[in-house]
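# A look at the structure
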2 protein chains.
Amino acid sequence: MNYPNGIKKRKTIHNISYKNRGMNLESDLNITNEYYRNIDRAYIYKKPTPIKIVKVDYESRHLATIKEAYFQEPSTTDYNGIYKGQYIDFEAKETKSITSFSLSNIHKHQITHLKNMLNHGGIAFLIVRFVRLDETYLLEAKKLLTFLEKYDRKSIPLSYFQKSGYLIKYKINPRIDYLEIIDQIYGGIL
Amino acid sequence: MNYPNGIKKRKTIHNISYKNRGMNLESDLNITNEYYRNIDRAYIYKKPTPIKIVKVDYESRHLATIKEAYFQEPSTTDYNGIYKGQYIDFEAKETKSITSFSLSNIHKHQITHLKNMLNHGGIAFLIVRFVRLDETYLLEAKKLLTFLEKYDRKSIPLSYFQKSGYLIKYKINPRIDYLEIIDQIYGGIL
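Presented here is an overview of the structure given in this document.

Rules used in this analysis
Residues numbered from 1 in each chain as written. Chains lettered and ligands numbered in written order. Predicted model: local features only at pLDDT ≥ 70, side-chain atom pairs only at ≥ 80, totals over all residues. Heavy atoms only, no water. Helix = DSSP H or I, 4+ residues; strand = E, 2+ residues; numbered from the N terminus. Buried < 20%, exposed > 50% of the residue type's maximum accessible area, 1.4 Å probe, protein only. Contact = heavy atoms within 4.5 Å. Areas by Shrake-Rupley, 256 points an atom, 1.4 Å probe, with all protein chains shown as cover. Least-squares fit on C-alpha atoms with pLDDT ≥ 70 in both. Buried area = accessible area lost by both parts, 1.4 Å probe. Salt bridge = Lys/Arg side-chain N within 4 Å of Asp/Glu carboxyl O. Polar contact = N/O pair within 3.5 Å; in protein donor to acceptor, adjacent residues only side chain to side chain. Nonpolar A, V, L, I, M, F, W, Y, C, P; charged D, E, K, R; others polar. Phe/Tyr/Trp six-rings, centres within 6.5 Å; stacked < 30°, edge-to-face > 60°. Lys NZ or Arg CZ within 6 Å of the ring centre and 35° of its normal. Pairing = 2+ DSSP bridges. Axes fitted to C-alpha atoms, helices over the stretch in contact; angles between N-to-C directions. Parallel < 35°, antiparallel > 145°, perpendicular 65-115°, else oblique. Left-handed = near helix turned anticlockwise from the far one by under 90°. Patch = residues over 30% accessible without salt bridge, like charges linked within 9 Å, V, L, I, M, F, W, Y side chains within 5 Å. Lys, Arg positive; Asp, Glu negative; His and termini not counted. Charge placed at Lys NZ, Arg CZ, Asp CG, Glu CD. Expected span 1.5 Å × (residues − 1). Arc of directions from axis to C-beta.

When helices and strands are counted, chain A shows five helices and ten strands. When each of the 190 residues of chain A is scored for burial, the buried share is 44%. Long-range contacts, defined here as pairs at least 24 residues apart, represent 63% of the contacts in chain A between residues at least 6 apart. On chain A, roughly 10,600 Å² of surface is accessible, and the fraction owed to carbon and sulfur atoms is 48%.

The next thing to look at is the relation of the copies chain A and chain B. Mapping chain A onto chain B calls for a rotation angle of 180 degrees and an axial translation of 0.0 Å; the resulting RMSD is 0.0 Å. Such values leave the two copies arranged in the relation of a two-fold axis. When the interface residues of chain A are mapped onto chain B, 97% of them again lie at the interface, so the same face is used by both copies.

This paragraph deals with the interface of chain A and chain B. A common way to express how large an interface is: the accessible area buried when the components associate. Contact with chain A, which involves 38 residues of that partner, is made by 37 residues of chain B. The largest share of the area that chain A buries against chain B comes from A:Ile66, A:Ile82 and A:His120, three residues that together contribute 21% of it. Where chain A touches chain B, the interface holds zero salt bridges. For the pair chain A and chain B, the interface holds nine residue pairs in polar contact (both at pLDDT 80 or more). At the level of secondary structure, the elements contributing two or more residues to the side of chain A that touches chain B comprise strand 1 (42–46), strand 2 (51–58), strand 3 (64–71), strand 4 (79–83) and helix 2 (108–119) of chain A. For the side of chain A that touches chain B, the leading source of residues is strand 3 of chain A, giving eight residues. Tallied by class, residues from the side of chain A that touches chain B come to 18 nonpolar, 13 polar and seven charged.

Once that is clear, we can look at the packing of aromatic side chains. For the structure shown, the criterion picks out 25 aromatic pairs over all chains. On the numbers, 6.0 Å between centres and 45 degrees between planes, the contact of A:Tyr137 with A:Phe161 is tilted. You can see A:Tyr137 sitting in strand 8 (residues 135–140) and its partner A:Phe161 sitting in helix 4 (residues 158–164), a full 24 residues away along the chain. The same class applies to A:Tyr137 and to A:Phe161, which are both buried. Pairwise contacts between aromatic rings join A:Tyr35, A:Tyr36, A:Tyr79, A:Phe90, A:Phe125 and A:Tyr178 into one cluster. Over the aromatic face of B:Tyr170 sits the side chain of B:Arg175, whose NZ or CZ is 5.9 Å from the ring centroid.

Residues and elements named next belong to chain A. With five of six residues buried, strand 8 lies mostly within the body of the structure. As judged from the six bridges shared by strand 7 (residues 123–130) and strand 8, these two strands associate in the antiparallel manner. Bridge assignment links Leu126 to a residue of strand 8, and that residue is Leu139. The loop that links strand 7 with its antiparallel partner strand 8 comprises four residues; one of these, Asp134, has a positive phi angle of about 55 degrees. Where strand 8 and strand 10 (residues 166–167) come together, two bridges link them in antiparallel fashion. For Leu138, the partnering residue across the bridge sits in strand 10 and is Tyr166.

What follows concerns the packing of helix 2 of chain A against helix 3 (residues 141–150) of chain A. All names here are of chain A. Look at helix 2 against helix 3: their axes get within 10 Å of each other, and the N-to-C directions meet at 125 degrees. Between helix 2 and helix 3, the crossing angle belongs to the class labelled oblique. The crossing of helix 2 and helix 3 is left-handed. Residues Ile111, Leu114, Lys115 and Leu118 of helix 2 touch helix 3, and the partners they reach there are Ala141, Lys142, Leu144, Leu145 and Leu148.

With that settled, consider the sheet that holds strand 3 (residues 64–71) of chain B. One open sheet holds the four strands; their spatial order is 2(A)-3(A)-3(B)-2(B), and the pairing between them is antiparallel. The outermost strands of the open sheet, each flanked by one partner alone, are strand 2 of chain A together with strand 2 (51–58) of chain B. On average, each strand axis in the sheet is tilted by 25 degrees relative to the strand beside it, whichever way the strands run. Where strand 2 of chain B and strand 3 of chain B come together, seven bridges link them in antiparallel fashion. The residue bridging B:Tyr58 from the neighbouring strand is B:Ala64, located in strand 3 of chain B.

On to unusual backbone geometry. Residue A:Pro174 is reached from A:Asn173 by a cis peptide bond, and omega for that bond is -5 degrees. Within the secondary structure, A:Pro174 sits in the loop between strand 10 and helix 5 (178–186). At A:Asp40, a position not held by glycine, the phi torsion is positive, near 60 degrees. With respect to the helices and strands, A:Asp40 occurs in the loop between helix 1 (25–38) and strand 1. Even without being a glycine, B:Lys84 presents a positive backbone phi close to 45 degrees. For B:Lys84, the location among the structural elements is in the loop between strand 4 (79–83) and strand 5 (86–95).

This part is about the side chain of B:Ser155. Residue and element names in this part refer to chain B. Along the chain, Ser155 turns up in strand 9 (residues 155–157). For Ser155, a relative accessible area of 16% puts it in the buried group. Those residues in contact with Ser155, other than ones at most four positions away along the chain, are Ser100, Phe101, Ser102, Leu103 and Phe147.

So, on to a positive patch on the surface. Judged by side-chain charge, A:Lys55, A:Lys67, B:Lys55 and B:Lys67 come together as a positively charged surface patch. Its location among the elements puts B:Lys55 in strand 2.

On to helix 1 (residues 25–38) of chain B. All names here are of chain B. The terminal C-alpha atoms of helix 1 lie 20 Å apart, and with 14 residues this matches the ideal 20 Å at 1.5 Å per residue to within 8%. Those residues of helix 1 that fall on the buried side of the exposure criterion are Leu25, Asp28, Leu29, Thr32, Asn33 and Tyr36. An end-on view of helix 1 places all buried positions within 125 degrees of arc, on one side of the element. Of the surrounding elements, those touching the buried residues of helix 1 are strand 1 (42–46), strand 4, strand 5, strand 7 (123–130), strand 8 (135–140) and helix 5 (178–186).

What follows is the structure in structure tokens.
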């Protein structure tokens, strides 16, 4: 990993778990969402990465090769779909920090998007994994927005996830059962 | 336009309107969805085109150029979002035919997807534009599925759109006011 601005990695010793080593959050969520679809529980997909295509070679009618393209900034969150008739929307991020989640990980328009989803009756949240602690939290969008209104900080401390969020326990299947948390939050309402 | 298998374009004379010339359905929908967002009416987005990236050049830390990539088949429909707390999902297609909409325009898994959305309480539909007639129809997913169950045909005749669908009238703003049709279908329920 490259650290920007010449910052060197501090070799602090912590009680770090490696249970989850090798699988990143995106893979875990893909597997989880596929599992939900297979058992007809929910239909939640990761949106494709937005790309600006500049040059395409059409070698044949059916085989087009993109020769020049650029990554674009997403205007929404990465995941959305339907669960029990409800609109679901979330963003998922990993952090290497063991103390806080830097808000530079989320674009401003993604936060605006989560706010809009919430205002329009959607179920909106963040899933954040503290990779080196091997802990994955679900934080409701309303708790994220409360934090942003209340504190003028550039990161959300781990303690806020522990206090106001929900730790997602790892399972065999589905790996990251975040809908169990949603059921817990909304009780019998959904 | 290229016609496959050596089929030549028939020069049939019809009463063809060119009012809508120059704007395709995707542009119209992008403008319409942007309008809906601006007035805080609904948040419906076109999903980015799924692309399989093979080769990326990292010229600098922030400028990555994709040098080889391929288009992938979408696993869902192109549009989804939220309106009045409801999950919205649709696919939009144009056809040059003046008599029918070929089902080869929609992938089988997109039809399965629309069916799943419907079963899980979402509002799911097709928007089809008959380009040469300058007519754009909204067809509810349930009407599409009824057609597929009832008839063993490779295309949906225009008459089915006229009878079972809704003609979307063009407006100045929003250009393709499909939510007006949704309001009409669901009456005061939403």
